[in-house]
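The chain contents come next:
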Amino acid sequence: MAILGIGADIVRIPRVFAFLQRRGPEKLAHRILSDVEVVHWDASRSGSEIKLEDAQFLAVRWALKEAAYKALYPNHRPTWKDLTYYPLGAMKLGSKPVLSFKYQQDLSFHCSVTHDGDYVFATVVVEM
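Residues numbered from 1 in each chain as written. Predicted model: local features only at pLDDT ≥ 70, side-chain atom pairs only at ≥ 80, totals over all residues. Heavy atoms only, no water.

Caption draft 1: Quick look at the overall build of the protein chain. The number of helices and strands found in the protein chain is four helices and five strands. Secondary structure elements in the protein chain, listed N-terminal to C-terminal, are β-α-α-α-α-β-β-β-β. Against the compact-globule benchmark of 14 Å for 128 residues, the protein chain has a radius of gyration of 14 Å, which places it among compact chains. Reported as C-alpha extents along the three principal axes, the dimensions of the protein chain are approximately 45 × 25 × 25 Å. (Helix = DSSP H or I, 4+ residues; strand = E, 2+ residues; numbered from the N terminus. Rg over C-alpha atoms; globule rule 2.2 N^0.38 Å.)

As structure tokens, then:
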């Protein structure tokens, strides 16, 4: 398989947290999450209080989707909702994280995400 592109992105979690406090968590969540991710988002939240974990959840997906866009551009221009992130073990026990592109099933995504302190860092390699 040939490499189509490589992308990377970094997101500062306190910035996302501040946005959630100013605008409310649902606006950003419903803007950037796919339908599958919204289900996971709704299940992960308890109550109306905004928690740091909420900001981290959204920051991870933001960073991965930005990195994927950078890897796909200019051949493809996905929207936020066209990409879905399945975290470690979500597909099957012990599975690696998976990123899927709704309209391009023939592409293979290799993704890595890490978060430490205030930052989330993501890399995506796309093969065709």
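Caption draft 2: Structural context of the nonpolar core. Counting 34 residues, the largest nonpolar core has Val-16, Leu-33, Leu-58, Leu-72, Phe-109, Val-124 and Val-126 as the members making the most contacts within it. Per element, the largest residue contribution to this core is 11 residues, and it comes from helix 4 (residues 52-72). Once residues within four sequence positions are removed from consideration, Leu-33 is found in contact with Val-38, Trp-41, Phe-57, Leu-58, Arg-61, Lys-65 and Lys-81. (Core = buried A, V, L, I, M, F, W, Y, C linked by side-chain atoms within 4.5 Å. Buried < 20%, exposed > 50% of the residue type's maximum accessible area, 1.4 Å probe, protein only. Contact = heavy atoms within 4.5 Å.)

Caption draft 3: Representation of the packing of helix 2 (residues 25-32) against helix 4 in the model. As a packed pair, helix 2 and helix 4 sit with axes 11 Å apart at the nearest point and diverge in direction by 30°. Looking at the two axes, helix 2 sits roughly parallel to helix 4. You can see that helix 2 and helix 4 cross each other, and the crossing is left-handed. Contacts between helix 2 and helix 4 pair Pro-25, Leu-28, Ala-29 and Ile-32 from the former with Leu-58, Trp-62 and Lys-65 from the latter. (Axes fitted to C-alpha atoms, helices over the stretch in contact; angles between N-to-C directions. Parallel < 35°, antiparallel > 145°, perpendicular 65-115°, else oblique. Left-handed = near helix turned anticlockwise from the far one by under 90°.)

Caption draft 4: Up close: the environment of Val-120. The topology assignment puts Val-120 in strand 5 (residues 119-127). Given a relative accessible area of 0%, Val-120 falls into the buried group. Sequence separation between Val-120 and Glu-53 is 67 residues, and the spatial gap between their C-alpha atoms is 12 Å. With sequence-adjacent residues up to four places away left out, Val-120 is seen in contact with Asp-9, Ile-10, Val-11, Ile-13, Ala-59, Val-60, Ala-63, Val-113, Thr-114 and His-115.

Caption draft 5: Structural detail: the packing of aromatic side chains. Under the defined criterion, the tally for this structure stands at three aromatic pairs. On the basis of an interplanar angle of 40° and a centroid distance of 4.5 Å, the ring pair of Trp-62 and Trp-80 is categorised as tilted. With a gap of 18 residues between them, Trp-62 in helix 4 and Trp-80 in the loop between helix 4 and strand 2 (83-86) connect regions that are remote in the sequence. (Phe/Tyr/Trp six-rings, centres within 6.5 Å; stacked < 30°, edge-to-face > 60°.)

Caption draft 6: Focus on the sheet that holds strand 5. Pairing is antiparallel in the open sheet, where three strands are placed in the order 1-5-4. Strand pairing shows two members of the sheet lacking a second neighbour, strand 1 (3-12) and strand 4 (108-116), which therefore form its edges. Going across the sheet, the axis of each strand differs from the next one's by a mean of 10°, ignoring polarity. Direction of pairing for strand 4 relative to strand 5: antiparallel, over a ladder of nine bridges. Paired with Thr-114 across the bridge in strand 5 is Phe-121. (Pairing = 2+ DSSP bridges.)

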